[in-house]
Amino acid sequence: MNIIGISEDTLKEHLIAWGEPAYRARQVFNWIYQQGCRDFPQMTNISKSLRQKLEDTFVIQLPAIKSRTRSRDGSIKYLFEVKGGAQIESIWMPDSDRRKTLCISSQVGCRLACSFCLTGTLGLRDQLQAGDILGQYMAVLDDLGEENAVTNIVMMGMGEPLDNYQPVVDAVRLLISPDALRFPTRKVTLSTSGLVDRLADFGREGLQVNLAVSLNATEDGTRDVIMPINKKYPIDSLIRCLKNYPLKKGRRITIEYVLLQGINDSLEDARRLAKLLSGFPSKINLIPFNPHPGSPYKPPADKQVLEFQNYLAAKYFSVFVRRNRGTDILGACGQLAAESFPQPISG
Ligand code: SAH
Ligand code: SF4
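Right, let's walk through the structure included here. All values derive from a computational prediction rather than experimental measurement.

1. A short note on the environment of L112
Its location among the elements puts L112 in the loop between strand 5 (107-110) and strand 6 (123-127). Residues contacting L112, with those up to four places away along its chain left out, are E160, S193, L195, P228 and I229.

2. Re the site of ligand 1
The local shell around ligand 1 holds 19 residues, among which F116, G159, S191, S214 and N290 are the closest. At 2.9 Å from a nitrogen atom of ligand 1 is found a main-chain nitrogen or oxygen belonging to F116. A distance of 2.6 Å is found between an oxygen atom of ligand 1 and a side-chain nitrogen or oxygen belonging to S214. Breaking the shell around ligand 1 down by element, the ones donating at least two residues are strand 8 (188-192) and strand 10 (253-259). Residues of the shell around ligand 1, tallied by class, amount to seven nonpolar, ten polar and two charged.

3. Regarding the pattern of salt bridges
For the structure on display, the rule yields 17 salt bridges. In this structure, the salt-bridge partner of R24 is E20, at a minimum N-O distance of 3.9 Å. Residue classification places R24 among the buried positions, given a relative accessible area of 16%. Its salt-bridge partner being R173, residue E205 comes within 3.0 Å of it at the nearest N-O pair.

4. Re unusual backbone geometry
Its identity is not glycine, yet A113 carries a phi of approximately 55 degrees, on the positive side. Mapped onto the elements of the fold, A113 is located in the loop between strand 5 and strand 6. Notably, Q208 is not glycine yet its phi reads approximately 65 degrees, a positive angle. Within the fold, Q208 resides in the loop between helix 6 (196-204) and strand 9 (210-214).

5. A word on the pairing of strand 11 (residues 282-288)
Of all seven residues in strand 11, six are buried, a share of seventy percent or more. The pairing of strand 10 with strand 11 spans seven bridges and is classified as parallel. Paired with I253 across the strands is S282, a residue of strand 11. Of the crossover connections in this fold, the one passing from strand 10 over helix 9 (residues 267-276) to the parallel strand 11 is right-handed. Bridge analysis of strand 11 against strand 12 (residues 318-321) gives four bridges, and the strand direction is parallel. In the sheet register, N285 faces strand 12, and the bridge partner there is F320. On the question of chirality, the crossover connecting strand 11 to the parallel strand 12 by way of helix 10 (residues 302-314) is right-handed.

6. Focus on helix 10
An ideal rise of 1.5 Å per residue puts 18 Å on 13 residues; helix 10 measures up with 18 Å between its terminal C-alpha atoms. Considered for burial, the residues of helix 10 that qualify are V305, F308, Q309 and L312. Take helix 10 and look down its axis: the buried residues cluster within an arc of 95 degrees, on one side only. What points out from helix 10, more than 90 degrees from its buried face, is the exposed set K303 and A314. Tucked into the core, helix 10 has its buried residues touching strand 10, helix 9, strand 11 and strand 12.

7. Considering a positive patch on the surface
Taken together, the side chains of R99, K187, R252 and K283 make up a positively charged region of the molecular surface. Residue position: K187 is located in the loop between helix 5 (165-176) and strand 8. Residue class for K187 comes out partly exposed when judged on its relative accessible area of 38%.

8. Describing the packing of aromatic side chains
One pass over the structure, following the stated rule, counts five aromatic pairs. Ring plane angle 10 degrees and centroid distance 5.9 Å describe the contact between Y78 and F80, whose orientation is recorded as stacked. The exposure class of Y78 is buried, given its relative accessible area of 0%. Look at Y137 and F183: their rings are 5.3 Å apart centre to centre, the planes differ by 80 degrees, and that puts the pair in the edge-to-face class. With Y137 in helix 4 (residues 130-144) and F183 in the loop between helix 5 and strand 8, the pair connects residues that are 46 residues apart, well separated along the chain. The same class applies to Y137 as to F183, namely buried. Just above the ring of Y165 sits the side chain of R198; from NZ or CZ to the centre is 4.6 Å.

About the criteria used
Residues numbered from 1 in each chain as written. Chains lettered and ligands numbered in written order. Predicted model: local features only at pLDDT ≥ 70, side-chain atom pairs only at ≥ 80, totals over all residues. Heavy atoms only, no water. Helix = DSSP H or I, 4+ residues; strand = E, 2+ residues; numbered from the N terminus. Contact = heavy atoms within 4.5 Å. Near = heavy atom within 4 Å. Polar contact = N/O pair within 3.5 Å; in protein donor to acceptor, adjacent residues only side chain to side chain. Nonpolar A, V, L, I, M, F, W, Y, C, P; charged D, E, K, R; others polar. Salt bridge = Lys/Arg side-chain N within 4 Å of Asp/Glu carboxyl O. Buried < 20%, exposed > 50% of the residue type's maximum accessible area, 1.4 Å probe, protein only. Pairing = 2+ DSSP bridges. Right-handed = clockwise from strand over helix to strand, strands pointing away. Expected span 1.5 Å × (residues − 1). Arc of directions from axis to C-beta. Patch = residues over 30% accessible without salt bridge, like charges linked within 9 Å, V, L, I, M, F, W, Y side chains within 5 Å. Areas by Shrake-Rupley, 256 points an atom, 1.4 Å probe, with all protein chains shown as cover. Lys, Arg positive; Asp, Glu negative; His and termini not counted. Charge placed at Lys NZ, Arg CZ, Asp CG, Glu CD. Phe/Tyr/Trp six-rings, centres within 6.5 Å; stacked < 30°, edge-to-face > 60°. Lys NZ or Arg CZ within 6 Å of the ring centre and 35° of its normal.

Encoded structure:
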């Protein structure tokens, strides 16, 4: 069993069963998550016999880096192999300011089949374990060899996080736990296509990480087509869920809106969007469609994007156009399929 990804409580249960004090769990966590220890024998403040028991029961396993592909804009796409041989991707995106965002995957493929998303064409190939999810961050940190190499983590890679619920919750908990990775809660964002029931559950976990919701359309006719999950959870049920989501004061829900030329980019859409978002604190990320081979869609012209943005800004929404990163390496939103990597860089 991989010790990376198991909860502190689960580790405690093992320790107690072995007749060890529960506080050793925190020591083991400290070694793994704070001191970067990747080998049980190195845990020198833990007795030899306990180290042996740990070694007999667990492995310390990070996803293996198969390749790194560097974009012209400085982003790096990591291809990982996880246990069982499945491949997933993470994208590391350094910004001009000091922000360095890591986009991680939550599943191998995705079953939700949004029509504009390359990952969606794969179907669900496999679920990831909690250790595979937070292991992407740990492996990238180890690889870049710098403590502040990642300042923000977004779950916007392959997969629908809330369709792999418990492993994702466990991974988020370990990411932000003071006993584990201590990543700042407000610098973690979970992005979901809006699985309403799961979203309500996630709110009740009380984790306080940022929430991003991929709305992508303003009326059910269009959303049914581009995001089939809308047939199960139509727009009004999603908006109702967002209105009830337990947000702390001053926090906002990010609304992601992929702009598809001629499909959802009219000013009429902008008007409907403003109306939908009127009942809760939000900020809007407009994402001009990132093309990928075989897709029928196009991004709107820049002028159209600007008009859409301006309409919403005039209604006092915080609205940003998300700059595409890593498009030359198919590393941008919705371009992840763990299949094409033009020039793997090794080492
Ligand atoms: N499954 C989750 C998270 C992964 S997708 C979700 O859907 O939110 C992350 C974001 O990429 C989503 O907002 C999605 O709408 C967007 N996206 C998917 N394909 C895209 C594409 N081809 N161009 C631009 N954005 C895309
Ligand atoms: Fe899955 Fe998100 Fe892609 Fe839709 S956009 S297919 S939910 S990864």
